[in-house]
Amino acid sequence: MAQIDIDTSVEEASQAFLAAYAEHSCDHLVQARNAHLGKDAPLRTAQRQLGALAPEDRKQAGAQIQAGLAAITDAYSRVEALLDADDLAQRLSEEREDVTVPVVMNPVGALHPITALFHDMCDVFVAMGWEIAEGPEAEAEWLNFDALNFTPDHPARFMSDTLFLDPPEDHRILRTHTSPVQMRTLLTRDLPVYVVAPGKVYRADEMDATHLPVFHQIEGLAVDKGLGLADLKGTLDHLAKAMFGDEAVTRLRPHYFPFTEPSAEMDLKCFVCHGESVGNPARPCRTCRSEGWIEWGGCGVVNPRVLRAAGIDTDVYSGFAFGMGVDRTVMFRNNASDLRDFAEGDIRFSRQLVGEAR
Amino acid sequence: MKAPLSWLTEFAQLSQDMTPAALANAFTEAGLQVETMDDPSAAIKGLVVVGHVLDVVEEPQKNGKVIRWCQVDVGEHNPEGQSSRGIVCGAPNVEAGAFVPVVLPGTVLPSGFEIASRKTYGHISDGMICAEDELGLGDDHEGIIVFHRDPDPTPGEDALALLGAREVVFDIDVTPDEGHCLSIRGLAREAAQITGGVFADPYATPVPAPVSVGHPVVLDSADCALFVALTVTGVDPTATTPEWMTRRLKAAGMRSVTLPVDITNYVMLESGQPLHAYDAACVAGPIRVRKATQGESLTTLDHVKRTLSSEDLLITDDSGPIGLAGVMGGLTTEVTETTTQILLEAAWFHPVSVGRTYRRHRLASEASRRFERGVDAGVAYAAARRAAELLRDLAGAQIVDDITVAGAVPTMPSLVMDDLALPGRILGLEVAPERVISILEASGVEVTPGPGSATTLTPPTWRRDLIDPYDYVEEVGRKIGFSAIASRVPAAPVGGGYTQAQKGRRAVLNAVAAAGFVEVIPLPFICAEDLDRLEVDEADPARRLVRIANPLSEAQPFLRTTLLPGLFGCVNRNTSRSMEDLALFECGSVFRAGDETPQVMPDVSVRPTGEQIDQLFTRLPDQPRHLAGVLSGDWRVASGHGPSEPVTWRHAVHLAETAASALGVHLRRRSAEKLPWHPGRCAELGVEVDGDVVWLGWAGEVHPRVCQTWDLPARTCAVEIDLDALIALAPSNGVIHPLSKHPATKQDVALVVDESVAAADVLDALRDGAGPLLESISLFDQFAGAQIGEGKKSLAYSLVFRGEDRTLTEADATTARDAAVAEAGRRWGAVMRA
């Protein structure tokens, strides 16, 4: 057995593999592999014949054959890999698709912006350790008015303002604000309380672009030892920053509500023009109507008469409360121009504010 | 309340550098919100000056019009070297000698019209003589404005100042507790106090002790505490209201009527005390203030005959009622163009009495508005006196010195404040006791030390709002300004976060929206016919309607008992706007008549009893929160990806299952015949609790008849469940079982059953029969056909078996499967398909 035989075999095998590759033929490659590495391959035959050699030659010849087989196997693997790579490249090229066509066409759902905003606002308060309180929409007149220091003759109680359940003398109404939840909270929870109450409220208003007979409020109530107007201001400032960014500024203006004393209106510095539209007709601001401030809600120190109606010692406890219209907040926050859209159920309305866009 | 700045500064001496804008800010900061600050002249760009008409030549035109060619002296504004301007005027009331306002060329009027010298009717008209409306100062276009002044104004001087147009007018939103600010006097006092100015009260003369030497007055009702009667004689009925008064009335939003009425209005605006003027000659006998008797009537100044209620407070004389106290006078004693003797009334009526009366008769007026918010009784005499003096000065009247004062100024309630640190504590500000005292004293409060270390506070007669300690806290706060208050976030105690139910509800809403449904919030009102159109039967809980006593629309007088009518309305609106592929949902309360015992109205000065609290909370309609959805058109529209997928009952169930799985609840289903759903395509949905099923609602295709009556697209589908009940049944604290590491063995079975047998029931039987080795089971195919047999169907289930501690053999799985099939056969007659 000569050295040249092995080299020739390796060379022939390599040539056969490359020929198969040149033809891009897996079949030919398999045939070539069988011919050069199969049991009838020349080197296999030589291997079987090693026994005929003299023992002193056998070892060296065997090693040479092994090396030749390894070289052929290596050549095969390299060609096989090349062929596989070409095949894959071709397949990938053939499988190219237009990825801009419509994909899985599930319908697009959305929460109503009111619900989404309720969630966001409640999250702010829960993160501060507050809890969420709830109450029914059809409510006892006493909880909605009397307990909140509305006198029997207060105009808000008239049928021109408040929707009464029939018969009105049974003193059941559709709550006109979320404030009856204040009284429910004070009558059922242990002090101190820090709660917000989101929900639907009703007024005897005709529906138009800026009024809905049914709208949404979020109410806050804190009763603890030593609370005052500064704590209210701090809480509202925190809410404003959480909702409108770190630049947000609020202002309290003295006002009047039966259930708070002192009472205030809370204004939010316009987060769009930052007040630059005031007295500047060249730069009108739609969000604040060029007033620089946006009326956001009413608030104040809980009137001790309200605490007394819940049996709370007003020498020990004081509190603050606030409430804001959530529909109105969506209006100025998201530029909505017509409140009727909030109640009509047009799918395009809710779908505009999906994900974090709200 | 509209307050001209010049009127305020008559009584309040303000700092020289106090601009109107700064004053407006100070008002707002003190709780007197300035809604608008008008300067009517601001809309006129250029010059409007006084012109003296020297000569008028009337020139009839071919078109029948008569124009007047006028020579007008405008002083320094005359063209160079001339003593007048030529102006063409159309108004008939331009006369030689008159002083008139002249708009000079180059001036732009509020309408945007620029005046120029131009040729018209054969003359060069070099300016314009104008009417009120052209200057934007009113709506009078009867003729040009003519100044009647003594002495005459100077030609060329600023006509706008003369017209009062160069006047800043604040429109202030006075809150119900600040009744004293419904007067120039009250606002001037506030302005001085909050800006460091000086206030001089023009109405400081106190009410004299009771005396009855004037017109006799008898008070027969506690609702009238004080009645001052003052008579003037010799009133010149021809005297007219001077222009300065008309102008101020107008600036304050009132029209000029006649001089005596204008004077009473003027004094009311200034003092806050409503006055009434009677023709004294028409008042018969003593005045008696009393409640009406049922059935009595009175014709008021507006010529309306009003039937009175026994709660109405009246001014009467021997003839009967002559006025509705504090609301409107009667016609018989009206001051007319022949009146020469006037009886002036300045009284204090109870706010509630006046409020009820004017509402009962729908007669809101400037007077009733003031009485309702509490008038300063202490000013009654001074106001009557001021009106009498104006009648004397402007109408030549004589004041009869004999007056009547019946009743007295109601005493103001004192308050003992234990601790003057209270305002600082509640406001969250450092306020020294001395500052509290000085603020309150400046507000007119009488501050006296004692008893003990406490302080006694007595409000002035004009501050009926100062009653409780916190009212004084607010007064201090308003005067310091809320902008001084620091911002401090209170540390709430550790909270419990959202409750299970709140978390569950949010999870449901998020999941349903994420699954492709759009949330809507329609109005929650319905009519009874809506239920008829849903074909809901009479015994259904949805018929337990709650009626609204004063509904917004008689067409929808009830609160909803089901969410479907609102959702169907949304479908109609969307389809009318060409959106036809819809998947809508709503989560909200429905209202069903509950405990209809009248509600309690406990005393508010103490905590209600436990029983009362229970009644307050339970004597209400049942108000469960429902979750409902409605679908129409395609769930999935056609695309390159595949054909369209029309909505079916399955999608309605999908909504409910999405909600249930967000809560970790497995929904049970059974076929149901329930309107408004299709009897063959309606699933009742429930949750298994301890072997029983609690049924919570329905899902399916809407009955074709209902689709038609509601004008819904064919094959609309709907679902409605009681979400509160579903959330209440949601599991919590689930258990994680150990996982078997062994491979599973799958077996499929095809069973033939009667067509009426429910696939879910067969599945239950298989699961129960298979025993503990069964890991999961699902239906993967069902069909009916000739090869199965008439009235039969084939159901194919895939069963997955797994051993906890070993790899199962085929034989293990087959044994379990056979047991499963046997159970299905026992319960439902199922046989394996050959």
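It should be emphasised that the depicted structure is a prediction, and the values quoted were computed from it without experimental measurement. (Residues numbered from 1 in each chain as written. Chains lettered and ligands numbered in written order. Predicted model: local features only at pLDDT ≥ 70, side-chain atom pairs only at ≥ 80, totals over all residues.)

Caption draft 1: Representation of the overall build of chain A in the model. Per the secondary structure count, chain A includes 12 helices and 9 strands. In terms of overall size, chain A is more extended than a compact globule, its C-alpha atoms giving a radius of gyration of 41 Å where 358 residues would be expected to give roughly 21 Å. Along the first, second and third principal axes, the C-alpha set of chain A runs to 125 × 50 × 45 Å. A burial count over chain A gives 46% of its 358 residues as buried. In chain A, the share of contacts with a sequence separation of at least 24, taken over all contacts with a separation of at least 6, comes to 67%. (Helix = DSSP H or I, 4+ residues; strand = E, 2+ residues; numbered from the N terminus. Rg over C-alpha atoms; globule rule 2.2 N^0.38 Å. Buried ≥ 20, exposed ≤ 12 C-beta atoms within 10 Å, placed from the backbone. Contact = placed C-beta atoms within 7 Å.)

Caption draft 2: Summary view of the domain arrangement of chain B. Here chain B is partitioned into domain 1 (2-39 + 168-199), domain 2 (42-162), domain 3 (211-407), domain 4 (419-484), domain 5 (500-728) and domain 6 (745-832). On a C-alpha basis, the centroid separation for the pair domain 1 of chain B and domain 2 of chain B is 35 Å. (Domains from an automatic or database assignment.)

Caption draft 3: Region of interest: the sheet that holds strand E33 (residues 582-589) of chain B. Residue and element names in this part refer to chain B. Strand order across the open sheet formed by 7 strands is E29-E33-E34-E40-E39-E38-E37, with mixed pairing between neighbours. One side of each edge strand has no neighbouring strand; the edge strands of this open sheet are strand E29 (518-519) and strand E37 (667-671). Pairing analysis gives 2 bridges linking E29 to E33, with the strands arranged parallel. Its bridge partner lying in E33, Glu519 is registered against Phe585. Sheet strands in contact with helix H15 (residues 564-576) are E33, strand E34 (625-632) and strand E40 (717-722), and its direction is about 150° off that of E33. (Pairing = 2+ DSSP bridges. Axes fitted to C-alpha atoms, helices over the stretch in contact; angles between N-to-C directions.)

Caption draft 4: Molecular detail of the packing of helix H13 (residues 500-514) of chain B against helix H17 (residues 649-662) of chain B. Residues and elements named next belong to chain B. Running from N to C, H13 and H17 point in directions that differ by 135°, and their axes come no closer than 8 Å. One finds that H13 runs oblique with respect to H17. The hand of the H13/H17 crossing is right-handed. Residue-level inspection shows Ala507, Val508, Ala511 and Val512 of H13 in contact with H17, the latter providing Leu655, Thr658, Ala659 and Ala662. Of the residues assigned to the contact of H13 with H17, the class counts are 7 nonpolar, 1 polar and no charged. (Parallel < 35°, antiparallel > 145°, perpendicular 65-115°, else oblique. Left-handed = near helix turned anticlockwise from the far one by under 90°. Nonpolar A, V, L, I, M, F, W, Y, C, P; charged D, E, K, R; others polar.)

Caption draft 5: Summary view of the interface of chain B and chain A. Residue-level contacts link 88 residues of chain B with 86 residues of chain A. Tallying contributions element by element places helix H12 (residues 469-480) of chain B first for the side of chain B that touches chain A, with 6 residues. For the side of chain B that touches chain A, the per-class residue count stands at 50 nonpolar, 23 polar and 15 charged.

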